[in-house]
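Listed below are the residues making up each chain.
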Amino acid sequence: MNLLPLPLSSSSSSSSSSANPNFLLFSTSQNPSNLHKFPLNIPIFTFHSSPNSLSSLPPRCSSKESSTPVLDQKAPQLSFSDSSNDAELRSKREPSSDNVLVVRRPAMEVAPGEGKESDDEDEDDVGRVKSTAIDAGLAEFAKKMPIFEPREMVDSGLKEKPLTVNLDLALYKAKVLTRSFRFAEAELVLQKCISAWPEDGRPYVLLGKALSKQSKNAEARTVYEKGCQATQGENPFIWQCWAVLENKMGNIRRARELFDAATVADRKHIAAWHGWAVLELKQGNIRKARHLLAKGLKFCGGNEYIYQTLALLEAKANRYEQARYLFRQATKCNPRSCASWLAWAQVEMQQENNRAARRLFEKAIQASPKNRFAWHVWGVFEANVGNVDRGRKLLKIGHALNPRDPVLLQSLALLEYKHSTANLSRVLFRRASELDPNHQPVWMAWGWMEWKEKNIAKARELYQKALQINPTSETAARCLQAWGVLEQRIGNLSAARRLFRSSLNINSQSYITWMTWASLEEDQGNAVRAEEIRNLYFQQRTEVVDDASWVMGFLDIIDPAIDSVKRLLKLEKNSLDTTLDSLRKLTGTDDKKIDEESIGTSSNGNNNEGESGFDLDAFIMQRLSLDPSKLDDLLETTRTSLNKSRRKFSRNFS
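All of these numbers come straight from a predicted model, not from anything done at the bench.

So what about the overall build of the protein? Which residues, and what values?
Scanning the protein from N- to C-terminus turns up 30 helices and three strands. For the protein, buried positions account for 37% of its 654 residues. In the protein, the proportion of contacts linking residues at least 24 apart, taken out of those at least 6 apart, comes to 53%.

Dropping the structure here:
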């Protein structure tokens with residue numbers, strides 16, 4: 001096949017004409033009628049003006065010869081291209097480093113599977129080179145533009161994150177604001193902490209508690225949920241606080257799930273185990289509660305709250321020696337735990353071991369001198385055993401240390417009503433209701449006092465205020481029962497029956513309410529109806545069966561290798577001392593700080609104050625800087641200061 005170049009235009013061209021003329025190439029085939037036309041751009045360069053200049057052109061080549069070797073190495077590069085742009089041709093005319101002309105073949109469409117191996121290899125090489133170049137470009141682009149990074153990481157690159165010490169200072173400030181009831185300012189500080197440190201769980205916990213104190217339970221729940229998402233569910237404190245909130249709202253099933261999530265996040269989180277056990281105790285699941293407390297001891301080791309709850313369970317089951325042993329364990333774990341000393345004192349108080357109870361009350365206030373519960377329970381105890389002046393003094397000390405606590409004023413008001421005048425009692429009740437208008441027991445106790453003073457209308461008004469605060473609480477059930485007794489005494493029997501029924505709808509386990517209603521029916525001559533009410537109580541009551549079988553699991557946790565521990569399960573009276581001695585040796589409590597003699601196990605309630613060797617006046621002067629002779633003045637001073645702070649607080653939020 002011969003290629004014959006023909007000019008497209010009829011005019012002749014010389015060597016000095018355009019360097020890029022257009023030609024048509026005709027190829028001959030077997031069929032003369034079938035002519036193929038190929039447009040071809042051939043650059044023609046002008047050499048030195050000589051008649052022999054055409055001799056430097058390469059000879060024509062046939063189809064059987066390769067086009068590459070016949071080209072002159074010194075000749076300019078020939079480029080076959082579909083484009084006719086002169087600029088592109090000039091830019092591609094530069095010779096290569098090896099002075100070999102390279103011909104660019106046009107890309108041709110090849111059907112799948114029809115290409116040769118060499119073509120496949122060339123395509124693979126080209127694709128590999130292109131992909132490498134693209135990857136390198138994307139890598140550079142990703143370094144300059146971090147669009148795929150999390151937002152906090154991008155922001156951290158633009159702005160430096162504050163130091164952690166700033167978070168600690170902000171949290172402390174929020175705590176101080178919350179204690180001062182400046183919730184709006186505290187919430188603002190905590191929101192800033194969350195925006196700056198979203199991965200820290202402490203701001204979520206404090207904000208949720210602050211909202212819960214304001215009865216904003218839905219908002220608190222939202223905060224806890226966001227906190228769990230921000231910390232990826234790995235913070236047990238948020239789960240535990242959320243569970244407490246759901247338990248407070250009455251969502252028992254949801255609270256169990258959240259307590260379980262807290263123990264999964266950290267099985268050494270003792271508050272989750274203890275809170276879950278307390279929930280089960282309130283639901284009457286004693287065995288489940290013991291199992292959870294045993295798990296808490298297993299994973300977290302000795303803890304005063306676990307031992308204290310177990311001791312109270314033993315005391316409730318009338319196993320007082322075991323209860324005392326567990327109380328000793330609790331106080332050994334933390335001698336500064338006021339709650340353990342106080343709970344132990346109450347158990348001894350119920351057993352009328354007044355000397356032991358008084359010693360334990362002294363230990364409680366020494367462990368925590370400003371604890372309002374210790375001063376309150378000790379004051380009530382002394383008043384009940386006949387030491388009225390000492391009880392009044394203890395309650396006044398507690399109020400001077402905790403001027404915002406309404407319970408201390410409530411107990412002091414009841415004490416003054418019983419041993420002094422009703423007018424003084426009314427003043428104290430009014431002050432307690434001003435301190436906390438949402439404290440139901442204050443309104444209920446005040447109503448009871450007015451009923452005793454024959455002020456029926458005033459008593460009904462106070463009972464109604466107590467019920468308006470929370471009509472479904474345990475205090476509401478007791479208030480309805482007391483109101484029913486009031487109506488029964490003045491002859492409104494139908495109203496009394498409705499009130500008793502409403503009380504039982506809240507707490508169906510109240511023995512006093514059932515028996516009071518049955519007594520009303522008997523007084524009216526309805527003996528059959530009274531018997532029906534008693535039968536209803538015994539039919540619907542929930543009897544909690546508790547045994548000592550849990551002790552096996554508890555002791556196995558302490559030391560499962562000792563076989564003699566198994567014999568402790570018998571708990572016989574004649575082997576009780578041996579049992580306690582074995583437990584002491586097992587847990588290393590031979591060197592206990594308090595023994596039976598030091599706390600006093602005798603039922604002697606006529607012990608004098610001086611026998612304990614504890615000087616109350618010297619203690620409050622040295623540790624608390626209080627003058628015992630000025631307690632009444634402090635009572636009036638705290639009233640005036642509270643009124644001023646209340647007016648200032650109302651101005652700030654008005």
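Help me get a handle on the packing of helix α8 (residues 236–248) against helix α9 (residues 252–265), residues and values and all.
Viewed as axis vectors pointing N to C, α8 and α9 meet at an angle of 165 degrees, and their least axial separation amounts to 8 Å. Taken together, the axis directions place α8 and α9 in an arrangement best described as roughly antiparallel. Crossing handedness for the pair α8 and α9: left-handed. Only Ile252, Arg254, Ala255, Leu258, Phe259, Ala261, Ala262 and Ala265 of α9 make contact with α8, whose side of the interface consists of Pro236, Trp239, Gln240, Trp242, Ala243, Val244, Glu246 and Asn247.

I'd like to hear about the packing of aromatic side chains, residue by residue, with values.
Going through the model one piece at a time under the given rule, you end up with 18 aromatic pairs. Ring geometry for tyrosine 417 versus tryptophan 448: centroids 6.1 Å apart, planes at 80 degrees, classification edge-to-face. With tyrosine 417 in helix α18 (residues 406–419) and tryptophan 448 in helix α20 (residues 440–452), this residue pair connects regions lying 31 residues apart in the sequence. On the accessibility criterion, tyrosine 417 (18% relative accessible area) is buried. Considering the side-chain rings of phenylalanine 429 and tryptophan 446, the 6.2 Å spacing of their centres and the 5 degrees angle between planes classify their relative orientation as stacked. Remark: tryptophan 446 occurs in helix α20 and phenylalanine 429 occurs in helix α19 (residues 422–435); sequence separation between them is 17 residues. The exposure class assigned to phenylalanine 429 is buried, which follows from its relative accessible area of 0%. By way of ring pairs, the aromatic residues Phe361, Trp375, Trp378, Phe381, Phe614 and Phe619 are connected into one cluster.

Any chance you could break down the nonpolar core for me, citing the residues and the numbers?
A general trend in soluble globular proteins is that nonpolar side chains are found buried together. In this structure, Phe361, Ile365, Trp375, Ile397, Leu616 and Ile620 are the most contacted members of the largest nonpolar core, which totals 81 residues. The leading source of residues in this core is helix α14 (residues 338–350), at seven residues. Leave out the neighbours within four places in its chain, and isoleucine 620 touches Trp375, Ile397, Ser625, Leu626 and Pro628. Counting residues in hydrophobic clusters, the runner-up holds 46 residues, among them Leu412, Ala466, Ala482 and Met515.

Procedures and definitions
Residues numbered from 1 in each chain as written. Predicted model: local features only at pLDDT ≥ 70, side-chain atom pairs only at ≥ 80, totals over all residues. Heavy atoms only, no water. Helix = DSSP H or I, 4+ residues; strand = E, 2+ residues; numbered from the N terminus. Buried < 20%, exposed > 50% of the residue type's maximum accessible area, 1.4 Å probe, protein only. Contact = heavy atoms within 4.5 Å. Axes fitted to C-alpha atoms, helices over the stretch in contact; angles between N-to-C directions. Parallel < 35°, antiparallel > 145°, perpendicular 65-115°, else oblique. Left-handed = near helix turned anticlockwise from the far one by under 90°. Phe/Tyr/Trp six-rings, centres within 6.5 Å; stacked < 30°, edge-to-face > 60°. Core = buried A, V, L, I, M, F, W, Y, C linked by side-chain atoms within 4.5 Å.

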